[in-house]
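# Summary of structural features
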Amino acid sequence: MLLVMVVPTAGLPLMYLQVVYGPPTDHLYLPTPVINQPLNHWTQRFHSVGGHSVRTPVFEGENWSTLEKPTPTQTLGRHEKNTTGAQTQGGETGGEDVLVGNVNKLMVSPPGYSGPQRKGHLIFDACFESGNLGRVDYISEFEFDLFIRPDTCNPRFRVWFNFTVENVRETQRVIFNVVNFSKTKSLYRDGMSPVVKSTSRPKWQRLPAKNVYYYRCPDHRRNYVMSFAFCFDREEDVYQFSYCYPYTYSRLQHYLASLERRNLSYLQREQLGLSVQQRRLDLLTITNPDHLSADKEKKLVFLTARVHPGESPASFICQGVIDFLVSQHPVAQILRDHVIFKIVPMLNPDGVYLGNYRCSLMGFDLNRHWQDPSPWAHPTLHAVKQLIVQMNQDPRVSLEFYIDVHAHSTMLNGFMYGNVFEDEERVQRQAVFPRLLCQNAPDFSFSNTSFNRDVVKAGTGRRFLGGLLDDTSYCYTLEVSFYSYMTAGSNAPVPYTEETYMKLGRNVARTFLDYYKLNNLIKDKRPTHIPSSEVTSQTGNAKGSGIDRDAGDRERGNNQGVRQ
Ligand SMILES: [Zn+2]
């Protein structure tokens, strides 16, 4: 009956939430029309928000106000508790303590409920590697406010979330509101959505964008809130939601261990140092050992990733680079004969482990401390900087590239940041690598690539090393969108997958062949574009030469299992 009072318009999916984590197959999202009653709390909120977001539903008709309103207690409770920053957010008791820990198997029952545990009283958990969820507020049977746990020792950063939900009822529909993002601009406006997996469907997938809303919310002091609707479908499943595809410290360790087990003569793994919490700072060196012993000066490419721990796509790119460079692909063989690659895949292992977005354990944005890293406060950065400075002074090597891999929360595509030089010729030479990469990688955008000397970027690896290294060296930040890319001639964004992030990494690696003009060394006529079937997977199984390369790419994309 309530439904009759509200006249939905085309942009009004919330009234009849077509929610969705669908049928019992591996392919989800066959939309199941659900919730045949309006979510009253939401209708109120969206009505009062009115027009602040393109996704904001518009309500027509006069009778909406007769819908049941949220009780004053609920509204008051939200206003009181949800103030501007994490420093003043209350804990479960509503106190004013700082939100420091993750929720630990927290069962959220209706207020005042004292009966036995029931299916449908959701249990939230983020006490696992790279987990992040600081607090859950029960709003109604359908709706929960979720609080990101701020970075350790730095409450300014609240973006990454990663948590599980269990004890669900079959067909239970919920709306989760992530209410305390520290950023306002977001790819959620462009269609980005959280990723989800469950016990029976272990491959991460993005939620359908139509179930995701991003808007300024009056209930949270007009903070930006990201809400998503979801329908649980299997009572025994544990569901996991995350900001982006996680790539944990342990996953990296397993991957590196599998590489080591292959005993490749051209791959060396070292522990360059330890983090504050005594995690490994790994360094890989990939080059043909015969090349190392030769007498002439060696070209050296240095690559780092995950200085910002929440930027998990950087790890997929980095793994793509490594997979390609250690493969039997003819391009990789030539590169190993001519270039030394030094790769630090995880510059901030503690931050990654802890589920931070931007900072280290001690709350430092390590990418602002290159000028003077401390051996005790920033030990990983200190060790990497020392190594780079030392290599730069070594007459036997020519350090030609430093590339630091990141992920970007508001831009599309892959792109680069470079430095600004007085010397016009150097400016032109700096643009060569991104131009070549643009030819090799359909998702890489040269037009998004920019060269700057912003004050806020002083202290970054790119800026600091750009000033330190000589004028034949180039330092870049390689960025990739957390969400999607657009290819030339199309304006439909293609969401990135774990596989397409890795593919960008493979394309970065092979671009050095063009850069160093080594193409003529490819003896056989095989195409030089990169089939993923020819590079190794994270399990370390080398595969033979691909035949139908594109098909290999596709198949790999479809079949690749997911590990964290
Ligand atoms: Zn970053």
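So, here's what we can say about the structure. (Residues numbered from 1 in each chain as written. Predicted model: local features only at pLDDT ≥ 70, side-chain atom pairs only at ≥ 80, totals over all residues.)

Our focus in this paragraph is the overall build of the chain. If you tally the helices and strands in the chain, you get 13 helices and 21 strands. Counting the 564 residues in the chain, one finds 47% classified as buried. The contacts in the chain between residues at least 6 apart in sequence include a share of 73% that link residues at least 24 apart. (Helix = DSSP H or I, 4+ residues; strand = E, 2+ residues; numbered from the N terminus. Buried ≥ 20, exposed ≤ 12 C-beta atoms within 10 Å, placed from the backbone. Contact = placed C-beta atoms within 7 Å.)

Further remarks concern helix α9 (residues 379-393). Its 15 residues place the ends of α9 21 Å apart at the C-alpha level, agreeing with the 21 Å of an ideal helix rising 1.5 Å per residue. Restricting attention to buried positions, one finds in α9 the residues Thr380, Leu381, His382, Ala383, Val384, Lys385 and Ile388. Close packing links the buried residues of α9 with β12 (267-274), β13 (280-286), β14 (298-305), β15 (339-344), α8 (349-354) and α11 (461-468). (Expected span 1.5 Å × (residues − 1).)

Here we take up the pairing of strand β8 (residues 201-206). Consecutive residues of a regular strand have side chains that alternate between opposite faces of the sheet. Pairing geometry for strand β7 (residues 195-198) and β8, over three bridges, is antiparallel. Across the sheet, Ser198 pairs through a bridge with Arg201, a residue of β8. Here β7 hands over to β8 after two residues, the two strands then running antiparallel side by side. (Pairing = 2+ DSSP bridges.)

A few words now on the environment of Pro379. Note on placement: Pro379 falls in helix α9. The partly exposed category is assigned to Pro379, around which 19 C-beta atoms lie within 10 Å. Along the sequence, Pro379 and Gly273 sit 106 residues apart, while their C-alpha atoms lie 7.4 Å from each other. Residues within four places of Pro379 in sequence aside, it is in contact with Gly273, Leu274, Ser275 and Val276.

On to unusual backbone geometry. In the Ramachandran plot, Thr171 falls in the positive-phi region, its phi being about 65° despite a non-glycine side chain. By the secondary structure assignment, Thr171 is in the loop between β5 (162-166) and β6 (173-178). Using a count of 13 C-beta atoms within 10 Å as the deciding quantity, one classes Thr171 as partly exposed. Unusually for a residue other than glycine, Lys517 sits at a positive phi of about 50°. Along the chain, Lys517 turns up in the loop between α12 (498-515) and α13 (549-559). Exposure remark for Lys517: the 8 C-beta atoms within 10 Å place this residue in the exposed category.

Attention now moves to α12. Spanning 18 residues, α12 covers 26 Å between terminal C-alpha atoms, matching the ideal 26 Å at 1.5 Å per step. Of the residues trailing α12, Lys517 is marked for its positive phi of about 50°.

All right, on to the sheet that holds strand β16 (residues 397-408) then. Taken in spatial order, the eight strands make up an open sheet running β12-β13-β15-β14-β16-β19-β17-β18, and their pairing is mixed. Edge positions in the open sheet fall to β12 and β18 (450-451), since each of these has one partner strand only. Alignment of β14 against β15, held across six bridges, turns out to be parallel. Bridging from a neighbouring strand, Leu303 pairs with Ile343 of β15. Along the sheet, α9 makes contact with β12, β13, β14, β15 and β16, crossing β12 at roughly 125°. (Axes fitted to C-alpha atoms, helices over the stretch in contact; angles between N-to-C directions.)

With 128 residues, the main nonpolar core has Leu303, Ile317, Cys318, Val321 and Leu325 as its most contacted residues. In terms of residue count, helix α6 (residues 313-325) provides more of this core than any other element does, eight residues in total. Each of domain 1 (2-242) and domain 2 (249-559) gives at least three residues to this core. Not counting residues up to four positions away in its chain, the partners in contact with Val321 are Leu303, Ile343, Gly505, Val508 and Ala509. (Core = buried A, V, L, I, M, F, W, Y, C linked by C-beta atoms within 7 Å. Domains from an automatic or database assignment.)

You can see Ser473 is positioned in the loop between α11 and β19 (474-481). What makes Ser473 partly exposed here is the crowd of 18 C-beta atoms within 10 Å. As a C-alpha pair, Ser473 and Arg426 span 47 residues in sequence and 9.6 Å in three-dimensional space. Sequence-distant contacts of Ser473, defined by excluding residues within four places in its chain, comprise Leu399 and Glu400.

Here the focus is the sheet that holds β7. Strand order across the open sheet formed by six strands is β1-β2-β5-β11-β7-β8, with antiparallel pairing between neighbours. Here the strands that pair on one side only, and so sit at the sheet edges, are β1 (106-107) and β8. Across three bridges, the pairing between strand β2 (residues 123-125) and β5 is antiparallel. Note on β5: the bridge partner recorded for Phe124 is Val165.

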